Amino acid sequence: MKKKMGKKIVSLTLTAMLGLSLAACGGGGSASDDAGSGDSGETAASSDVANKDKPLVWFNRQPSNSSTGELDMAALSFNDNTYYVGFDANQGAELQGTMIKDYIEANIDGLDRNGDGVIGYVLAIGDIGHNDSIARTRGVRKALGTGVEKDGEINSEPVGTNTDGSAAAVQDGEIEVGGKKYVVRELASQEMKNSAGATWDAATAGNAIGTWSSSFGEEIDIIASNNDGMGMSMFNAWSKDQEVPTFGYDANSDAVAAIAEGYGGTISQHADVQAYLTLRVLRNALDGVDVDTGIGTEDDAGNVLSDDVYVYNADERSYYALNVAVTADNYQDFTDSTKIYEPVSAQLDEGAHASKKVWLNIYNASDNFLSSTYQPLLQNYDKLLNLEVDYIGGDGQTESNITNRLGNPGEYDAFAINMVKTDNAASYTSLLSQ
Ligand code: BGC
């Protein structure tokens, strides 16, 4: 563990001046770990910093065009201390698809429940305008050979019902196991959006499996879901009793526990690393240190991440955690999704890293992943990083429900934002620019 606390040579004035401007300068690590010793214990927001210059992190929903996926670089580079924290959607999507394909190959005996030579699956889609959801739909279709190209990418549109294999947005795939060929068919897929507009809606997924199973239940051999919230709803409503494996995403604790009862598997998006990064980039900007502090470079408390758990893309100003497949083979290691990641679990010294106030919103207070995994993790890390965070829960449908509660940005030192719709970054940045 590196100790740099000995060389407190930066004067208070200089510390204050450096405070919010140094972090994004890339190489500016020198004044770093020495800064901020003067105002320990103070929690009031720095009144001399304009809101538009305060550190800002987008997380979980990357500012981007919801139709094309193109990144909103204006939002991602709103100021020098703006970043996005999420996970590598393509790497995770590929893992999810491969996990399902591997399962089919390893468990082919008895998997084709009605013996018609077709491995049928249904797919629960979270949000057709969310790049994470789109990537997962593509990942499953790619691995199972059911994807159809559209504009150079795999089509991610829902097909509705496709029991006869005639839908244009997918095709029948083929898989050969033990010398025998099987057709793989996406029997049905649907965006799980409720009538009020909430996406990734678990209850809608539970209803959908009810409808699908009552008309073509014996054809369903596998369930794939863009996340565990919807996957568990389908598992509990139908597939557990039928012993039909369901595959989700997120590694929420309840889904991991369900693997012992026949849930097929899930993907950990390393929320423990993401929650840390979300708050850590703010902490670093507030301390005026290099953004890599406590991330790729060990901090004064010994916190550091290894490069097998995240990547940083400087052009996109984005940190992406890496995903891990969680199956019957390894689920015992993932039973508590709210447990902080040990290599970054050391408490920062409050003298050197004074308490600061952060405004943070969760776009949908009832989203399974965000409420049962991500927010509890944030709440574990905020204390370690000496951040006093106000958690605002949205209704998952309207941006204004959240932006209305950002009426007093001057009271905060930094902001962490989880948008309802990825196109809507300007609804927030305009409030910070006033
Ligand atoms: C998670 C979903 C969640 C969504 C919310 C995704 O990364 O996998 O479970 O509903 O984020 O934006």
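None of the values given here were measured: they were computed from a predicted structure.

Q: Honestly, helix α6 (residues 228-242) in this entry has me stumped. Any pointers?
A: Residues three or four positions apart in an α-helix share a direction because the helix packs 3.6 residues into each turn. When the terminal C-alpha atoms of α6 are compared, their 18 Å separation across 15 residues is substantially less than the 21 Å that a helix rising 1.5 Å per residue should span. Capping of α6 at its N-terminal end is provided by Asn 227; its side-chain oxygen lies 3.2 Å from the backbone amide nitrogen of Gly 229.

Q: Sorry, what's going on with the sheet that holds strand β15 (residues 356-362) here?
A: Strand pairing in a sheet is mediated by backbone hydrogen bonds. Such pairs are either parallel or antiparallel. Pairing in this open sheet of seven strands is mixed, and the strands run β12-β13-β2-β1-β17-β15-β16 from one edge to the other. Sheet topology places β12 (310-313) and β16 (387-393) at the edges, where each strand pairs with a single neighbour. Strand-to-strand twist in this sheet, taken as the mean axis angle between neighbours without regard to direction, amounts to 20°. As judged from the four bridges shared by strand β2 (residues 82-87) and strand β13 (residues 318-321), these two strands associate in the parallel manner. Within β13, the position partnered with Phe 87 by the bridge is Ala 321. Running at roughly 170° to β2, helix α8 (residues 271-287) makes contact with β1 (56-59), β2, β12, β13, β15, β16 and β17 (414-417) of the sheet.

Q: For this particular structure, what's the right way to read the packing of aromatic side chains?
A: Here a ring pair, both rings aromatic, is described through the centre-centre distance and the interplanar angle of the planes. Tallied over the full model, the rule gives 12 aromatic pairs. Between Phe 59 and Tyr 374 the ring centres are 5.4 Å apart and the planes differ by 20°, which places this aromatic pair in the stacked class. A residue pair is termed long-range when its members are at least 10 positions apart, and Phe 59 in strand β1 and Tyr 374 in helix α9 (residues 368-384) qualify at 315 residues. We classify Phe 59 as buried; its relative accessible area is 0%. By way of ring pairs, the aromatic residues Tyr 83, Tyr 310, Tyr 312 and Tyr 319 are connected into one cluster. Above the face of the Tyr 249 ring, Arg 136 is positioned so that its terminal group lies 3.6 Å from the ring centre.

Q: Even after reading the chapter, I still don't get the packing of α8 against α9, so can you show me in this structure?
A: The angle between the axes and the distance between the axes are what describe a pair of packed helices. Between α8 and α9, whose axes approach to 9 Å, the crossing angle comes to 50°. Between α8 and α9, the angle is such that the two are oblique. For the pair α8 and α9, the crossing hand works out as right-handed. Every residue of α9 that contacts α8 at Ala 271, Asp 272, Gln 274, Ala 275, Tyr 276, Thr 278 and Leu 279 is listed here: Phe 369, Thr 373, Tyr 374, Leu 377, Leu 378, Tyr 381 and Asp 382. Classifying every residue of the contact of α8 with α9 by side-chain character gives nine nonpolar, three polar and two charged.

Q: Any chance you could explain the nonpolar core here in plain terms?
A: Considering soluble globular proteins, one finds that nonpolar side chains tend to be buried as a cluster. The biggest cluster of nonpolar side chains holds 99 residues, and the ones touching the most others in it are Trp 58, Val 122, Trp 212, Ile 220 and Leu 305. In contact with Trp 212, other than residues within four places in its own chain, are Val 122, Leu 123, Thr 161, Ala 188, Ser 189, Gln 190, Met 192, Gly 217, Ile 220 and Met 234. Core analysis: the next-biggest nonpolar cluster, separate from the first, contains 10 residues, Met 232, Phe 235, Val 256 and Val 326 among them.

Q: Even after reading the chapter, I still don't get the site of the ligand, so can you show me in this structure?
A: Surveying the vicinity of the ligand reveals 14 residues, the closest of which are Asn 60, Arg 136, Asn 227, Asp 250 and Asp 367. Between the ligand and Asn 227 there is a distance of 2.7 Å, counted from an oxygen atom to a side-chain nitrogen or oxygen. For the ligand, whose accessible area on its own is 310 Å², the fraction buried by protein is 100%. Among the elements of the structure, α4 (131-144) and α9 are those that each provide at least two residues to the shell around the ligand. Its residues assigned to classes, the shell around the ligand comprises five nonpolar, four polar and five charged.

Q: What exactly am I supposed to notice about the pattern of salt bridges here?
A: A side chain of one charge can pair with a side chain of the opposite charge when the charged atoms of the two come close. In this structure the tally under the stated criterion is 12 salt bridges. Of the charged contacts, one joins Asp 423 and Lys 421 as a salt bridge, the two residues approaching to 3.4 Å between their closest N and O atoms.

Q: Could you clarify how one ought to interpret the packing of helix α3 (residues 89-106) against α4 in this entry?
A: α4 packs onto α3 with a crossing angle of 35° between their chain directions and a minimal axis gap of 7 Å. Considering how the two elements wind past one another, α3 and α4 form a crossing that is right-handed. In this structure, α3 uses Ala 89, Asn 90, Ala 93, Gln 96, Gly 97, Thr 98, Ile 100, Lys 101 and Ile 104 to contact α4, whose residues at the interface are Asp 132, Ala 135, Arg 136, Gly 139, Val 140, Ala 143 and Leu 144. Across the contact of α3 with α4, the residue classes tally to eight nonpolar, five polar and three charged.

Q: Explain unusual backbone geometry to me, please; I cannot follow it from the model alone.
A: Across the chain, the bulk of peptide bonds are trans and the bulk of non-glycine residues have phi less than zero. Non-glycine residue Asn 60 carries a positive phi angle of around 70°. Positionally, Asn 60 belongs in the loop between β1 and α2 (73-76). With relative accessibility at 7%, the residue Asn 60 sits in the buried group.

Q: Looking at this structure, I do not really get the side chain of Ser 64. What am I missing?
A: With respect to the helices and strands, Ser 64 occurs in the loop between β1 and α2. A relative accessible area of 3% means that Ser 64 is categorised as buried. If we ignore the near neighbours within four places in the chain, the residues touching Ser 64 are Gly 69, Glu 70, Leu 71, Asp 72, Asn 131, Thr 422 and Asp 423.

Q: Would you take a moment to explain the confidence of the model for the chain for this structure?
A: Atomic detail in the predicted coordinates should be set aside for any region of low pLDDT. Per-residue confidence for the chain averages 91 on the pLDDT scale, and 89% of its residues sit at or above 70. Predicted confidence for residues 1-43 stays below pLDDT 50, and this span has 78 contacts to residues more than four positions away or in other chains.

Each value, and the rule that gives it
- Residues numbered from 1 in each chain as written.
- Predicted model: local features only at pLDDT ≥ 70, side-chain atom pairs only at ≥ 80, totals over all residues.
- Heavy atoms only, no water.
- Helix = DSSP H or I, 4+ residues; strand = E, 2+ residues; numbered from the N terminus.
- Expected span 1.5 Å × (residues − 1).
- Polar contact = N/O pair within 3.5 Å; in protein donor to acceptor, adjacent residues only side chain to side chain.
- Pairing = 2+ DSSP bridges.
- Axes fitted to C-alpha atoms, helices over the stretch in contact; angles between N-to-C directions.
- Contact = heavy atoms within 4.5 Å.
- Phe/Tyr/Trp six-rings, centres within 6.5 Å; stacked < 30°, edge-to-face > 60°.
- Buried < 20%, exposed > 50% of the residue type's maximum accessible area, 1.4 Å probe, protein only.
- Lys NZ or Arg CZ within 6 Å of the ring centre and 35° of its normal.
- Parallel < 35°, antiparallel > 145°, perpendicular 65-115°, else oblique.
- Left-handed = near helix turned anticlockwise from the far one by under 90°.
- Nonpolar A, V, L, I, M, F, W, Y, C, P; charged D, E, K, R; others polar.
- Core = buried A, V, L, I, M, F, W, Y, C linked by side-chain atoms within 4.5 Å.
- Near = heavy atom within 4 Å.
- Areas by Shrake-Rupley, 256 points an atom, 1.4 Å probe, with all protein chains shown as cover.
- Salt bridge = Lys/Arg side-chain N within 4 Å of Asp/Glu carboxyl O.
- pLDDT = per-residue confidence, 0-100.

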